[in-house]
Amino acid sequence: RLAHSLAEARIDLPLALEGWLTKEGKIFRSWRKRWVKILPSLGALIYFKSKDDVLPSGGFGIPARADISANAGMVSAVGQVHAYSFHVKALDREYTFLCDSEQERDTWVKSLRAVGERWAQSPARELQVVAVVQQASKVTSMAKSLPPVFRRRKSEHEVNLGQGSAKSTWTATLASGREIVMMTDIQKDPRSGETVRFDTMTSAESGARHGRGMQTFGPGDSLVYYDGNWVLGSEAGMGMIHYSDGSFYEGQCASHKARPIRSGFGRMRYANGDLYEGEWLSDLRHGKGVMFWSESKELYTGDWAKGMQE
């Protein structure tokens, strides 16, 4: 039964996504380009003024499918008429984003709906991030009249490390009402020279990545991102790995040489359509598992050892 269900299953994982979108402002209804990220493990969409920013301009919890729609009509913005946009009805307000193509719009809508539905059906909905607490970006004349504790928030929450690296901590609110400390960290991988970005929860005691969040790898890496659980700076627990060849893994993960690996029980969808569900050890199929080969339609249920059938 497990083999047949695996063969017939359509693995439609909620995908993390990032890219440039044009967003409508809250107060003046002006339109601005923003670097936008979907973080599935947090159930949130966050946006930045630029790709290299480490302090988000805002964000919201992704709602259920019914509150996310692809707009059919034209939208007039920044001196042009745009045919492709989508609308999100979040807890705090409604958001409209403009896209450059129908395909881009549909990709964002599909990912948002998948993530939103997972959280809508989750027994742990109180753990979803529903808002980003706005941080002070600079001390303006208006800010000088505010209490000193507010004026100091930028220096406490943002540190420029130089050499193409930057780090900041910021605050998000969960559906339960509890506030959590988040950390965005951009750094160079000393081995590959690629830029690696982290958007994760952090431990108030140690300052290490701890909780849930995403690691995004550079364009030349074999991994695109890891999104899932962290324990004191390392990937550990349930997570999702997106590989650069288009393969996806969702399940238990561990850390090896500061990189996420498959370890425990999980499901893998390979780029060629093959599927595996079962046990993993040291990033290899190992233990009990079911494999479905999409081209030959063959199924194997049984034992694996270091990636090979026994």
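For the structure, see preceding data.
Residues numbered from 1 in each chain as written. Predicted model: local features only at pLDDT ≥ 70, side-chain atom pairs only at ≥ 80, totals over all residues. Heavy atoms only, no water.

> How do you make sense of the overall build of the protein chain when you look at a structure like this?
When helices and strands are tallied, the protein chain shows four helices and 23 strands. A total of 310 residues make up the protein chain; the buried ones form 47% of that total. Contacts in the protein chain between residues at least 24 apart in sequence constitute 37% of all its contacts with a sequence separation of at least 6. When the accessible surface of the protein chain is totalled, it reaches about 15900 Å², and 52% of it is carbon and sulfur. (Helix = DSSP H or I, 4+ residues; strand = E, 2+ residues; numbered from the N terminus. Buried < 20%, exposed > 50% of the residue type's maximum accessible area, 1.4 Å probe, protein only. Contact = heavy atoms within 4.5 Å. Areas by Shrake-Rupley, 256 points an atom, 1.4 Å probe, with all protein chains shown as cover.)

> Can you walk me through the pattern of salt bridges in this structure?
Should their charged atoms come close, side chains of opposite charge can pair. Tallied over the entire structure, the rule returns eleven salt bridges. Salt-bridge contacts for Glu18 lead to Lys37; the nearest nitrogen and oxygen are separated by 2.6 Å. Here the residue Glu18 occupies a position in strand β1 (residues 17–24), and Lys37 occupies one in strand β2 (residues 31–39), the gap between them amounting to 19 residues. Owing to a relative accessible area of 33%, Glu18 belongs among the partly exposed residues under this scheme. Note on Lys37: relative accessible area 1%, which makes it buried. Notably, a salt bridge pairs Lys37 with Asp199, separated by 3.5 Å at the nearest N-O pair. With Lys37 in strand β2 and Asp199 in strand β14 (residues 195–202), this residue pair connects regions lying 162 residues apart in the sequence. Each member of the pair, Lys37 together with Asp199, is buried. What emerges from the salt-bridge pattern is a single network uniting Glu18, Lys37, Arg197 and Asp199. (Salt bridge = Lys/Arg side-chain N within 4 Å of Asp/Glu carboxyl O.)

> Is there a simple way to think about the nonpolar core in this case?
The nonpolar side chains of a soluble globular protein tend to be buried, and buried together. Grouped together as the largest cluster of nonpolar side chains are 20 residues, with contacts concentrated most on Leu42, Val129, Trp170, Ile180 and Met182. The set of elements that each furnish at least two residues to this core consists of β2, β3 (44–48), β10 (129–132), β12 (165–174) and β13 (179–188). Beyond its immediate stretch of four places on either side in the chain, Leu42 contacts Trp119, Gln128, Val129, Met182, Met201, Arg212 and Gly213. Residues Val36, Val88, Ala90 and Trp119 belong to the second largest nonpolar core, which totals 19 residues. (Core = buried A, V, L, I, M, F, W, Y, C linked by side-chain atoms within 4.5 Å.)

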